[in-house]
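Survey of secondary and tertiary structure
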Protein chains: 2
Amino acid sequence: MDVKTLCLGVLTEGDRTGYEIKQRFEEAFNHFFGAGFGSIYPALAELTRRGLVTCESVEQEKRPDKKVYSLTPAGRKALVDELVATPPRHKVRSEFLVLMYFAHLLPPERVAEITEQMVAHWRPVIEGIERCVLASDAAEIQPGMRFAAGFGRAVLGAAAAYVDQNRHDLVAAVAGRTPDEAALAAAE
Amino acid sequence: MDVKTLCLGVLTEGDRTGYEIKQRFEEAFNHFFGAGFGSIYPALAELTRRGLVTCESVEQEKRPDKKVYSLTPAGRKALVDELVATPPRHKVRSEFLVLMYFAHLLPPERVAEITEQMVAHWRPVIEGIERCVLASDAAEIQPGMRFAAGFGRAVLGAAAAYVDQNRHDLVAAVAGRTPDEAALAAAE
DNA sequence: ACCACCATGTAAACGGTTACATGATTAC
DNA sequence: GTAATCATGTAACCGTTTACATGGTGGT
């Protein structure tokens, strides 16, 4: 499964331009599948070439032409076939956790900074997920979309909570103090 | 940050062969950073070429020569420099969640099967994380390693719990029933 | 003035996955 | 006999990331 498949998926929700598809990626798939223009535009070109989407150019004043893509019946079939055949992988690649794993090689202040950054980073992502499920045209939201959103909220919430609750002890330990000593230091 | 950095990291724990490094990836980094032989062996070759590790061949009976890699002072410095400069990203790429998002396009039995598979998949991963932190030579385990393990346990535990608790409702909804109807169906 | 938004695309670089290639040992 | 473990490596392929290229509109 690649960006092409996700583009077909977005187009099941209605006709879209490449730009709009990118926005949809950020709204809906942000927490589990990333894609930039550099992968979306070539994907759309390839899907057009294969006849899985059609493309209609719309003239605009003072802007480049819009290209509105639509899913073809063949495209819908290709999407379903691919989804049915895709094994359910779930990969995490976390430079953050690598950094934490080797925290004893970093300055303690850096460890403190990184953990703070991550907690701050996840908060708006979780809010974005909730905003997406509470969107106005709630009738269009399928149960699986709620499921994916709930998953993101639960998992990122757990991540943020874990880091927030354990970062002080980690920084103290990396600074060569026991949690008790750190509590004393904090009490001064 | 790439596989090369992680190899340097593993070698801070002691001299290792490529094969042993791969095993260490599976024990310690499994839940946040994957790597196969196809990326580890070339990484080691490149690190040797750059003088960041040294390589000593050890003859073995009836097996290919072992190549034992050791971190050089330059390698340790390169590792620390890279860690300090690395922004703390945390990326998820989940074909599983894509499948869930588009669950309404799949046969309900397939949705049931996938969710079961995922719950079953995470259980041994969590056990592996716990085994790793409870290892015999516990003195060698740094606080950051415990932190990363605790994170994995918390987050994968939340993931497995969420899927396990919500999969029945999802399957019911995808099958075109309300949870109430599904409860009635289940009671028959 | 500057930044964000709208709008599309190309091309090189990078890095990881997968398949291939070899081959003995040990345990079920 | 079949699979797992030990042990190393190469090469093609694939897909993403990043940088580049262009340019008007609207808000602070």
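For the structure itself, look to the data block above.
Model, not experiment: these values are computed from the prediction.

**Overview of the overall build of chain A**
For chain A, the count of helices and strands is eight helices and four strands. Going from the N terminus to the C terminus, chain A shows its helices and strands as α-β-α-α-β-β-α-β-α-α-α-α. In terms of C-alpha radius of gyration, chain A reaches 22 Å, well past the compact-globule figure of 16 Å for 188 residues. Along the three orthogonal principal directions, the C-alpha set of chain A runs to about 70 × 35 × 35 Å. Counting over 188 residues, chain A shows a buried share of 46%. Across chain A, contacts joining residues at least 24 apart in sequence account for 54% of those joining residues at least 6 apart. Carbon and sulfur atoms provide 50% of the accessible area of chain A, an area that totals close to 9700 Å². Positive and negative side-chain charges in chain A, numbering 22 and 26 respectively, have mean positions lying 6 Å apart.

**A few points about the sheet that holds strand β2 (residues 53–58) of chain B**
Strand-to-strand pairing in sheets goes through backbone hydrogen bonds, with the strands running parallel or antiparallel. All names here are of chain B. Ordered in space as β1-β3-β2, the three strands form an open sheet in which the pairing is antiparallel. Edge positions in the sheet fall to β1 (16–17) and β2, since each of these pairs with one other strand and no more. Pairing of β2 with strand β3 (residues 66–71), which is carried by six bridges, proceeds in the antiparallel orientation. Within β3, the residue paired with Cys55 across the bridge is Tyr69.

**Some thoughts on the pattern of salt bridges**
Counted under the stated rule, the structure contains 21 salt bridges over all chains. Here the salt bridges share partners, and the residues they tie into one network are Glu13(A), Arg16(A), Arg24(A) and Glu27(A).

**Overview of the side chain of Lys4(A)**
Residues and elements named next belong to chain A. Mapped onto the secondary structure, Lys4 falls in helix α1 (residues 3–11). For Lys4, the side chain forms a polar contact with the side chain of Asp2, separated by 3.0 Å. When sequence neighbours within four positions are dropped, the list of residues in contact with Lys4 reads Ala43, Glu46, Leu47 and Arg50.

**Points about the sheet that holds strand β2 (residues 53–58) of chain A**
All names here are of chain A. Taken together, three strands build an open sheet; the order of strands is β1-β3-β2 and the sheet is antiparallel. Here the strands that pair on one side only, and so sit at the sheet edges, are β1 (16–17) and β2. On top of the sheet, α1 reaches β1, β2 and β3 (66–71); it is set at about 85 degrees to β3, its chief contact. Across the face of the sheet, helix α3 (residues 37–49) comes into contact with β2 and β3 while running at roughly 115 degrees to β2.

**With respect to the relation of the copies chain A and chain B**
Least-squares fitting of chain A to chain B yields an RMSD of 0.0 Å, with the transformation described by 0.0 Å of translation along the axis and a rotation of 180 degrees. Each copy turns onto its partner about a two-fold axis. Considering only C-alpha atoms, the residue of chain A closest to the rotation axis is Val92(A), which sits at 2.3 Å. A share of 98% of the interface residues of chain A reappears at the interface of chain B, consistent with the copies meeting face to face through the same patch.

**Side note on the interface of chain A and chain B**
Residue-level contacts link 66 residues of chain A with 65 residues of chain B. Across the interface of chain A and chain B, roughly 6100 Å² is buried in total on both sides, 74% from carbon and sulfur atoms. Counting every contact that joins chain A to chain B gives 20 residue pairs in polar contact (both at pLDDT 80 or more). Within the residue set of the side of chain A that touches chain B, elements represented by two or more residues are α1, α2 (18–29), α4 (73–85), β4 (91–93), α5 (95–101), α6 (108–133) and α7 (143–174) of chain A. Take the side of chain A that touches chain B: its biggest share by element is 19 residues, from α7(A). For β4(A) and strand β4 (residues 91–93) of chain B, the ladder comprises three bridges, and the chain directions are antiparallel.

**What to know about the environment of Leu97(A)**
By the element assignment, Leu97(A) lies in helix α5. Measuring from C-alpha to C-alpha, the distance between Leu97(A) and Ala148(A) comes to 23 Å, with 51 residues separating the pair along the chain. Setting aside its immediate chain neighbours within four residues, Leu97(A) contacts His31(B), Phe32(B), His90(B), Ala148(B) and Phe151(B).

Cut-offs applied
- Residues numbered from 1 in each chain as written.
- Chains lettered and ligands numbered in written order.
- Predicted model: local features only at pLDDT ≥ 70, side-chain atom pairs only at ≥ 80, totals over all residues.
- Heavy atoms only, no water.
- Helix = DSSP H or I, 4+ residues; strand = E, 2+ residues; numbered from the N terminus.
- Rg over C-alpha atoms; globule rule 2.2 N^0.38 Å.
- Buried < 20%, exposed > 50% of the residue type's maximum accessible area, 1.4 Å probe, protein only.
- Contact = heavy atoms within 4.5 Å.
- Areas by Shrake-Rupley, 256 points an atom, 1.4 Å probe, with all protein chains shown as cover.
- Lys, Arg positive; Asp, Glu negative; His and termini not counted.
- Charge placed at Lys NZ, Arg CZ, Asp CG, Glu CD.
- Pairing = 2+ DSSP bridges.
- Salt bridge = Lys/Arg side-chain N within 4 Å of Asp/Glu carboxyl O.
- Polar contact = N/O pair within 3.5 Å; in protein donor to acceptor, adjacent residues only side chain to side chain.
- Axes fitted to C-alpha atoms, helices over the stretch in contact; angles between N-to-C directions.
- Least-squares fit on C-alpha atoms with pLDDT ≥ 70 in both.
- Buried area = accessible area lost by both parts, 1.4 Å probe.

These results come straight from atomic positions and should not be treated as a statement about function.
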